[in-house]
Amino acid sequence: MTALIDVRRVFTHVEEIHHEFGPVASAPLVRGAIAAVLRNPYAGTYYADILPMMEALNPLGVDLAKQLCEAMGVFPEAIQGYGKGAIVGAAGELEHGALWHVPGGYAMRELLGWKGDRAAYLAGKGGVSTGQPGNALSIVPSTKKVGPPGTTLDVPMTHINASYVRSHFDAIEVCVPGSPRSDELIVILAMSTGARVHARVGGLAAQDISQWNGLR
Amino acid sequence: MKSQIRKIIVQVDEVLQEGGQAVSPPTRRALAMAVIANPYAGKFSENLDQLIDIGEELGGLLGERCVKALGIQPEDAHSYGKAAIVGEAGELEHAAAILHPKLGAPLRKAVSKGAALVPSAKKQGTLGTAIDVPLGHKDAAFVRSHFDAMEARVNDAPRANEIVVAVVVTDSGRPHPRIGGLQVHEITGTDGLR
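Note that the structure is a prediction, hence the values are computed from the model and not measured.

Conventions and cut-offs
Residues numbered from 1 in each chain as written. Chains lettered and ligands numbered in written order. Predicted model: local features only at pLDDT ≥ 70, side-chain atom pairs only at ≥ 80, totals over all residues. Helix = DSSP H or I, 4+ residues; strand = E, 2+ residues; numbered from the N terminus. Contact = placed C-beta atoms within 7 Å. Nonpolar A, V, L, I, M, F, W, Y, C, P; charged D, E, K, R; others polar. Pairing = 2+ DSSP bridges. Buried ≥ 20, exposed ≤ 12 C-beta atoms within 10 Å, placed from the backbone. Axes fitted to C-alpha atoms, helices over the stretch in contact; angles between N-to-C directions. Parallel < 35°, antiparallel > 145°, perpendicular 65-115°, else oblique. Left-handed = near helix turned anticlockwise from the far one by under 90°.

Q: Would you mind showing me how to read the environment of Tyr106(A) here?
A: All names here are of chain A. Structurally, Tyr106 can be placed in helix α4 (residues 101–112). When the C-alpha positions of Tyr106 and Glu20 are compared, they lie 33 Å apart, and in sequence the two are 86 residues distant. When near neighbours in sequence (up to four residues on either side) are disregarded, Tyr106 contacts Asn58 and Gly61.

Below is the structure:
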């Protein structure tokens, strides 16, 4: 009997964006994604109860979140955007990808859910209490699909504390060449350190978040 | 900086199991890519010195990024490879100018030694074009366990006036190599071949 969580391959992707044909950013935007390729224990047969795997994915999620942040070369306090996704091999169901919703979000909150004043912290003034109850307040946007090896998935990203922050609506394309095989599942986390490199379409700005309800 | 870099992308591919068997230690391949402006896009130039200098700069930068991403010492690198994708306003010869004259020396420094030829590939392409970067052992090209390739692509590059430059460094060969040939422990490493 193999373990419910059986990881075969881990793929990390980190990009530094200096510009997109406009002014060069003073510090490049860093975006990254991490993808774990694992055995789909439910491939090939319909199982009514797939919830045991959802619970079992929690430690993997936390581990992937930490690994991604490390690969991006930043501290968790620098992460401003996030997203998640799953690609299910051909012998599985879309529903198997949905198993990632809860553990993927849990992973982000474990890594980023630090309580305190981020601006004060980054300015070296310690964590002065404000109206912000914590980080990772927003729903972690997600997408998933069933596909063959080499399938690409555009993983949506939004601001970690307020979904409506317009500058942080983004997406990162993830592809693991050769995966998933039909009996495999790919679970993905994505993070970014800021807004789109030339964000300028208005809307709610990150510094104007005030409701701390995950939306505004 | 001689090159105008729009983006740098680093990927690490770690394989823990293959064919149902654990890979121990896991095989790891790192790919570093730079998306740069092509200074000769849209015009024929007999002299390609700017790209030759850019190649020298990127050989070191991308090689070091790979080694850093693997978290290894330079002498622990096993194999390497290089490739370039030229946008449609450029020529295949522009890829050659980056890859062949000067990229190798700083890359070899990043991985220490590097007696063997750096295997390479080049093509013209557009946004999202994939190129398979060929890999070979850095000190002995005939090591059969390390013949491999890693796919490189950037979804929004190369634009017509851009070039994607890719370098791969590994700390291992293929998972479960078992087709014989020259083995790593048999390398003499003097002629770059065996």
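Q: Before we go on, may I ask you to explain the interface of chain B and chain A in this structure?
A: Note on interface size: it is often stated as the accessible area lost on association of the parts. In this complex, chain B contributes 15 residues to the contact, which on the side of chain A involves 15 residues. Looking at the side of chain B that touches chain A residue by residue, the class counts come to seven nonpolar, three polar and five charged. Bridge count for strand β1 (residues 7–17) of chain A against strand β1 (residues 5–18) of chain B is nine bridges, and the pairing is antiparallel. The partner of Val14(A) across the bridge, within β1(B), is Val10(B).

Q: Explain the pairing of strand β7 (residues 162–170) of chain B to me, please; I cannot follow it from the model alone.
A: Side chains on a regular strand alternate between the two faces of the sheet. Residues and elements named next belong to chain B. Counted residue by residue, β7 has nine buried out of nine residues, so it is predominantly covered. The pairing of strand β2 (residues 21–37) with β7 spans nine bridges and is antiparallel. In the sheet register, Ala37 faces β7, and the bridge partner there is Glu162. Bridge analysis of strand β3 (residues 79–86) against β7 gives seven bridges, and the strand direction is antiparallel. Bridge pairing in β7 links Ile85 to Val164.

Q: Looking at this model, I keep getting lost on the packing of helix α1 (residues 49–70) of chain B against helix α3 (residues 104–111) of chain B. Mind explaining?
A: The relative placement of two packed helices is expressed as an angle between their axes plus a distance between the axes. All names here are of chain B. Orientation of α1 relative to α3, taken along the N-to-C sense of each, is 20°, at an axis distance of 7 Å. Classified by the angle between their axes, α1 and α3 sit roughly parallel to one another. Seen along the crossing, α1 lies across α3 with a hand that is right-handed. Side by side, α1 and α3 meet where Glu56, Gly59, Gly60, Gly63, Glu64 and Val67 of the first sit next to Gly104, Ala105, Pro106, Leu107, Lys109, Ala110 and Val111 of the second.

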